[in-house]
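Fold and contact review
Residue-level listing of the chains:
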Amino acid sequence: MSPNRVSRVQLLLVMLLLLVLQFYLRPRLWDARISPDFLLIALMLFSMRSSPGVAAVAGFVVGLIADTLTPARFGAATLAHTLVGYLGSWGRSVFFADNILVNAGFVAAGLWVRDLIVLLASGTDHRQLITELTLYSPLQALTTAGFSLIVLLTFRSMFSVRLDA
Amino acid sequence: MLSSSDRRYTRRDTVLFLLCFGLSLFGLFSPTSWGYGVADTLRQTVLSPLVWLQTQAEEGRTSRVRFRQVTSERDSTAYLAQFLPSLRAENERLRQLLRLSRRLSTGYVSAEVLHQPQAMDGRTLLLSAGAREGISVFSPVVSPEGLIGVVLSVSKRSSVAMSWAHPEFRVSAFTVSGNAFGVVAPSNEGRNGEGALEFRGVPYRDSVPLGTMVLSSGLGGVFPKGVPVGTVIGTVREEAGWERVYRLRPAANPGSAAHVLILVGGRVQDLRTAFPGDSLLEALRLDSIARLRRADSVAQAIRVARAARRDSLLRASPPQVRAPVPQAQRVAPPSPILGGTPAAPLPGAGDSTP
């Protein structure tokens, strides 16, 4: 088995682990509005290492899962995650994405943008939009970025990120 | 998977992105029922393991929460169970207060005793009723057992009562038998740290037996008549042959009183019936026994009298008519007017006495 194939399998295992964490660990954590979004971590880490088209497809799948399991307007999460996945892959060529803190920042920014798109696409009223974007989304972005740091540090060999940042 | 150096934005990526973007917009603007249908299908098929996983997690979380609730409830129950005896005692006292309030013929206000963590608590009591409830200075304070004290000062929502343990407390009193009058005051010689009372000013010639209950006499106009103050348990001293001072066991304990009644609404002549104390109950019991004995003796006397009358009637009757006479032979005696002779009275025809 080639090293490239091994890294792909390992990355797939980490994605599966994040999927399990999303549905098994997240409900046991704090308030759902500020607990980390493991699916978004998986999407961002995957999209930053993939081509924009594949990242968009991954975002589409993750969004479809979110739309299926959450009572938001169907299609809003799919749209948001598709855009975030595509932008995450595109942003890697713009920013210095091998830095671990940049990865975490990408995750936080991606979550905030995702929330912004979902809220706008769902037709949320002005007051709730402001509250969500200024209070809950930043908090959830912080926790998600923190957990993404833990994941990156734990599986650093698989993500090939620089640890001397 | 592409490395950063090999990454190229190909047309395939753009097509994939536009395809996903278009599908997302289609899902967003499609009819709601379509979206729900797709979501239901995905939940029941592909995503069912994830839903099951999340269900397990939620159940685990709620189980933990439930376990914590049950544990806390068990702890609370165990904690409350420790206070059951005291709660029962308090319930009993409240029931006694209710019974007392029914027996009282005067107005009253119930109040809670707000005990303070101080050594002098018990001499003065802070009560939870004040001028707003109609309390005034010198209102008597009683408990189901007897006299507690008198209100010293009144504020809007609370009042301060001077209990019998206060050195300045005095109440005019008399024995339940009515043969001795005096003044009850707190004693300086309490036994075992408990407060005691002295029944002072009792004339030397009036001896009071042990166990006699002492009631307030109503003299002075502060306390109503008939409220139990204490029970004679001994003699303290005799003053030069003209006065005896008795030691009393107080009827009520201000230190343990949690609820009291403050009597309001003018003077009442006699409250003895509201406080059926031990000696009074004993007296009532003895009185009822005497009444029963008297009733028994009257009934016995009636029975004796009837028996004596029956004997005398039998003795007065001739021996031949003592035998029972058949009904057919019981004919009316011939009237003397018609020339008949008077017959002897028939037994059974005129004896209606048993």
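Structural data are supplied above this passage.
In this report, we go over the structure that sits alongside the text. Just so we're clear, the structure is a prediction, and the values are computed from it rather than from any experiment.

1. Observations concerning the interface of chain B and chain A
Contacts between chain B and chain A engage 33 residues on the former and 40 residues on the latter. Summed over both sides, the interface of chain B with chain A buries roughly 3200 Å², with 70% coming from carbon and sulfur. Across the contact surface, chain B and chain A share zero salt bridges. Taken together, chain B and chain A are joined by four residue pairs in polar contact (both at pLDDT 80 or more).

2. A closer look at unusual backbone geometry
Residues and elements named next belong to chain B. Despite not being glycine, F138 shows a phi value in the positive range, around 75 degrees. Take F138: it is sitting in the loop between β2 (124-127) and β3 (140-143). Residue F138 is classed as exposed on the basis of its relative accessible area of 52%.

3. So, the side chain of S187 of chain B
Residues and elements named next belong to chain B. Along the chain, the position of S187 falls in the loop between β7 (181-186) and β8 (197-203). Classification of S187 by relative accessible area gives buried; the value is 13%. Among the polar contacts made by the side chain of S187, one reaches the side chain of E198 at a distance of 3.3 Å. Not counting chain neighbours up to four residues away, the residues in contact with S187 comprise A196, L197 and E198.

4. Considerations on the packing of helix α4 (residues 76-94) of chain A against helix α5 (residues 100-121) of chain A
All names here are of chain A. Packing of α4 against α5 brings their axes to within 9 Å, and their N-to-C directions diverge by 150 degrees. Note that α4 runs across α5; the crossing there is right-handed. Residues A76, A77, L79, A80, H81, L83, V84, G91 and R92 of α4 pack against F106, G110, V113, R114, I117, V118 and A121 of α5.

5. A few points about the sheet that holds strand β12 (residues 259-264) of chain B
Residue and element names in this part refer to chain B. If you trace the six strands from one edge of the open sheet to the other, you get β1-β12-β3-β4-β5-β2, paired in antiparallel fashion. Both edges of this open sheet fall to β1 (107-112) and β2, since each of them pairs with a single strand only. Taking the axes of each pair of neighbouring strands and ignoring which way they run, one obtains an average angle of 35 degrees across the sheet. Relative to strand β4 (residues 146-154), β3 runs antiparallel, the two sharing four bridges. Each bridged residue has a counterpart across the sheet, and for S143 the counterpart in β4 is G146. Each of β1, β3 and β12 touches helix α4 (residues 84-103); the most contacted strand, β12, lies at about 15 degrees to it.

6. Here's the deal with the packing of aromatic side chains
The geometry of two aromatic rings is summed up by the distance between their centres and the angle between their planes. Summed over all chains, the structure comprises six aromatic pairs over all chains. Measuring from centroid to centroid gives 6.1 Å for F26 of chain B and W34 of chain B, while their planes differ by 45 degrees, and the two rings are tilted. Linked through ring pairs, Y86 of chain A together with F17 and F21 of chain B together constitute an aromatic cluster.

7. Re the pairing of strand β5 (residues 159-163) of chain B
Residue and element names in this part refer to chain B. Summarising burial for β5: four of the five residues are buried, a large majority. Bridge count for β2 against β5 is four bridges, and the pairing is antiparallel. Across the sheet, L127 pairs through a bridge with S159, a residue of β5. Inspection of the sheet shows β4 paired to β5 by five bridges, in the antiparallel sense. Looking at the pairing, S153 lines up with V160 of β5.

8. Considering helix α1 (residues 11-29) of chain B
The end-to-end C-alpha distance of α1 of chain B is 27 Å, a good match for the 27 Å that 19 residues give at a rise of 1.5 Å each. For α1 of chain B, the set of buried residues is D13, F17, C20, S24, G27 and L28 of chain B. The arc that holds the buried residues of α1 of chain B, viewed along the axis, is 105 degrees, so those residues lie on one side. For α1 of chain B, the exposed residues lying more than 90 degrees away from the buried face are R11, R12, V15, L18, L19, F26 and F29 of chain B. As for α1 of chain B, its buried residues are in contact with α3 (52-69), α4 and α5 of chain A.

Analysis parameters
Residues numbered from 1 in each chain as written. Chains lettered and ligands numbered in written order. Predicted model: local features only at pLDDT ≥ 70, side-chain atom pairs only at ≥ 80, totals over all residues. Heavy atoms only, no water. Contact = heavy atoms within 4.5 Å. Buried area = accessible area lost by both parts, 1.4 Å probe. Salt bridge = Lys/Arg side-chain N within 4 Å of Asp/Glu carboxyl O. Polar contact = N/O pair within 3.5 Å; in protein donor to acceptor, adjacent residues only side chain to side chain. Helix = DSSP H or I, 4+ residues; strand = E, 2+ residues; numbered from the N terminus. Buried < 20%, exposed > 50% of the residue type's maximum accessible area, 1.4 Å probe, protein only. Axes fitted to C-alpha atoms, helices over the stretch in contact; angles between N-to-C directions. Left-handed = near helix turned anticlockwise from the far one by under 90°. Pairing = 2+ DSSP bridges. Phe/Tyr/Trp six-rings, centres within 6.5 Å; stacked < 30°, edge-to-face > 60°. Expected span 1.5 Å × (residues − 1). Arc of directions from axis to C-beta.

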